[in-house]
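# Coordinates in review
Chain by chain, the residues:
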Amino acid sequence: MGFVVLGLLSLLAFFAAVCVAVRFYDESRAELALSACLYFVGLIVVPVHLLGWIDSLYPLSLALSSLGLSSGVVAAGIAGELWQIRLRAAGRAMIRIAALPWQAAVWAFRARSIAFVGVVGVVGILVWTAWLTWLAPHGSWDGLVYHEPMVNYAIQYNGFALVDVPRTPAVQQVNSAPRVPSCVSVWLVIFTDRRLVELRPHLFSLLLLLGFYVLTCKLTERRLDALGLTAALFFVPAIALQLRSLYTDADFVGVLLAAFCYVLRTKLRLVDLLTAALALGLVGGTKHTGIVFVPIYGVILLWRWRAGARTRGRFWAAGVCAVVIIGALMLPTYLRNTVTFGNPIWPRRVSSETLDLHLKGLHNPNLRDKIGRVRDLFRPPIIKRQFLDTKDNGYGNAFPFVVLPLAAIALVLIPVRLGGWLIRRRGPPSARLRRIALIALPCMVVLSLSPSFLWARYNGYAIAAAMALVLWLLGREKWRDLSQVVVGIMVILGLITLSWSDPGWCVPAKTAFELARKGTVERTQVSLPMSNHLAGRLGQLHHAEIGEGDVVAYTFCRFPADLWNEAISNTVVYTPASKNGEDFLARLDELRVEWIFVKANDRGHRILDQYPDSWEQIPVEKVTPHFSPVVFRRRPVASKSGGASPTTSRQSR
């Protein structure tokens, strides 16, 4: 039933998004699809976001809120005397959007363009990874450490309340990371179960693909080249390998590219201003990097709106509206971090002598061994070494040798041409020059200041900007052949690189077909490469014994997401061991803890070992090199008649 509810509410939300998009962005099928996808993300994020911050996030309240919001947007989208015509137009637009991949493939095939291979590859990867997500346990480390716990805690506590978690940098992000991606994940699982949690990157991938294509079509007249390079961007390991994870880096690139499309439209209308504000709000609410990008492009947006607004009153009214939309989506997390921790991007430490800025945190985000990573960019391909976090060869084996040199040339040409315009002053610079300058220059400045500029998955925005630079540079007719060669190399080598990445999506092809023949329960208990789940006997016991309302505690757990059952119906609590063993046990009794995870030989382990009549250690085989927990479960309390008490026996539930 939950899957039916999710499907119907999502369909209504998408239809509502199309009703608005078809009224304002019907110039091209790609722009229509981009606008519909952006509005759709907004329509599923807003109710989760609102209910989460007021601690009213329940399946029923979310369903009713979404139903009301989507219905209202449909009514607003078709309002007027021509409502029947608009309703039919929205229905036809749904079909046009659904047919977009097929028509793109047919168009490229008839033109005998390498873009055909790119389109087929993109669709194939999206379908394959979506199937793997349904079949296999999750495998991304950050996802298991804090991305999925953010989702599960929100469901457990019916909102975004601060959660007591270990004071370690990664787990602390449960309370401090931006909330937009987790809002989408909550939408996917609150009516269903954990199997859908990793479908979120697929939705944001649509924004990335459509956003980059729409943007680059404004930089070159050769749309097939733009289509091919869009696929090539998707094939970069730092982008594609996130499809089987809960990392948010590719999500950030998707919403940022969408924001570019509306901030930099040739003529800015009121609807463009508000749509750009929605996109920028999502940018700021997706990743901490948004703190840098949102002010830059927010100022550009308002500056351009100043020219589009006919009166000062219209400028201020619409401008304030845009700022409110951006702030509502991105600021709550940063404000709470500032109030609670004294640092908007907690737990990262920020220190700048130049700005006299010193914000306390638990770790410094600077990554070491930068010289070694520069060497990694240009060394020969490494087969079977590309995984979800894409530390190695994250830029792929074509980008450093093909795109990087051409993008460097373009970066030199942009200031030269802008300088020539400033000297001559013969009319404004071309729209394409202005657009590529406003895309590339801020991205490259942010990249140069980034403490992680050599780790590819953190810099997807720079990869996209570099590819846009290449299309702009080769946009002249005399460079047509070179442009096609560049696109061909990027598409083919991108696919080859991804073929070497197995098991980059954690599930080798052979294993996937084996999993397809297993039942749902069996799939959740399999041990996979780079997967750190409760596999084997421990997983079987966890599934059998932890049900709705049961409490699982931990003093230490490397991957807290695994403490929830598949339905996310149990309760997970962090319970550090106190010095007094009796106080610790009393706390476990008060919370009615059934299972507890501890670290080998830590205080909790030693205390529980002293009470074998109350707590039984579960033998655990070492299922992966990284995850070998120590687990205790409560023994059933014997009744006076000698049997297990029905109120506490696991078998009685």
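Keep in mind that what you see is a predicted model, and the values were worked out from it rather than measured.

## A word on the packing of aromatic side chains
Across all of its chains, the model carries 22 aromatic pairs by this definition. With a centroid separation of 5.5 Å and 55 degrees between ring planes, the pair formed by Trp 128 and Trp 131 is classed as tilted. Taken as a pair, Trp 128 and Trp 131 lie in helix H6 (residues 115–135) at a separation of 3 residues, close to a single helical turn. Since its relative accessible area comes to 29%, Trp 131 is described here as partly exposed. One aromatic cluster is present, formed by Phe 252, Phe 260, Phe 293, Tyr 297 and Tyr 461 through successive ring pairs. Its guanidinium or amino end placed over the ring of Tyr 25, Arg 269 lies 5.2 Å from that ring's centre, counting from NZ or CZ.

## Considerations on the confidence of the model for the protein chain
Looking at the protein chain as a whole, the pLDDT averages 86, with 90% of positions reaching at least 70. Low pLDDT, under 50, characterises residues 639–653; the stretch is placed with 25 contacts to residues that sit more than four places away or in other chains.

## Topic: unusual backbone geometry
Following Trp 346, the chain continues to Pro 347 via a peptide bond in cis, the omega torsion being 10 degrees. Mapped onto the secondary structure, Pro 347 falls in the loop between helix H16 (312–341) and strand E1 (350–352). Notably, Asn 158 is not glycine yet its phi reads approximately 55 degrees, a positive angle. Residue position: Asn 158 is located in the loop between helix H7 (141–156) and helix H8 (169–176). Under the relative-accessibility criterion, Asn 158 is labelled buried at 18%. A positive phi is found at Arg 592, a non-glycine position, where the angle reads about 60 degrees. Take Arg 592: it is sitting in the loop between helix H25 (581–591) and strand E5 (593–598).

## Regarding the sheet that holds strand E7 (residues 630–634)
What the 5 strands build is an open sheet, ordered E4-E3-E5-E7-E6; its pairing is mixed. This sheet does not close on itself; its edge strands, each paired only once, are strand E4 (571–574) and strand E6 (615–618). Ignoring strand direction, the axes of neighbouring strands in this sheet form an average angle of 25 degrees. Pairing between E5 and E7: 4 bridges, direction antiparallel. Looking at E7, one finds that Ile 596 is bridged to Phe 632. Along the sheet face, H25 touches strand E3 (551–554), E4, E5, E6 and E7 and points at about 135 degrees away from the line of E5.

Quick notes on the rules
- Residues numbered from 1 in each chain as written.
- Predicted model: local features only at pLDDT ≥ 70, side-chain atom pairs only at ≥ 80, totals over all residues.
- Heavy atoms only, no water.
- Phe/Tyr/Trp six-rings, centres within 6.5 Å; stacked < 30°, edge-to-face > 60°.
- Helix = DSSP H or I, 4+ residues; strand = E, 2+ residues; numbered from the N terminus.
- Buried < 20%, exposed > 50% of the residue type's maximum accessible area, 1.4 Å probe, protein only.
- Lys NZ or Arg CZ within 6 Å of the ring centre and 35° of its normal.
- pLDDT = per-residue confidence, 0-100.
- Contact = heavy atoms within 4.5 Å.
- Pairing = 2+ DSSP bridges.
- Axes fitted to C-alpha atoms, helices over the stretch in contact; angles between N-to-C directions.

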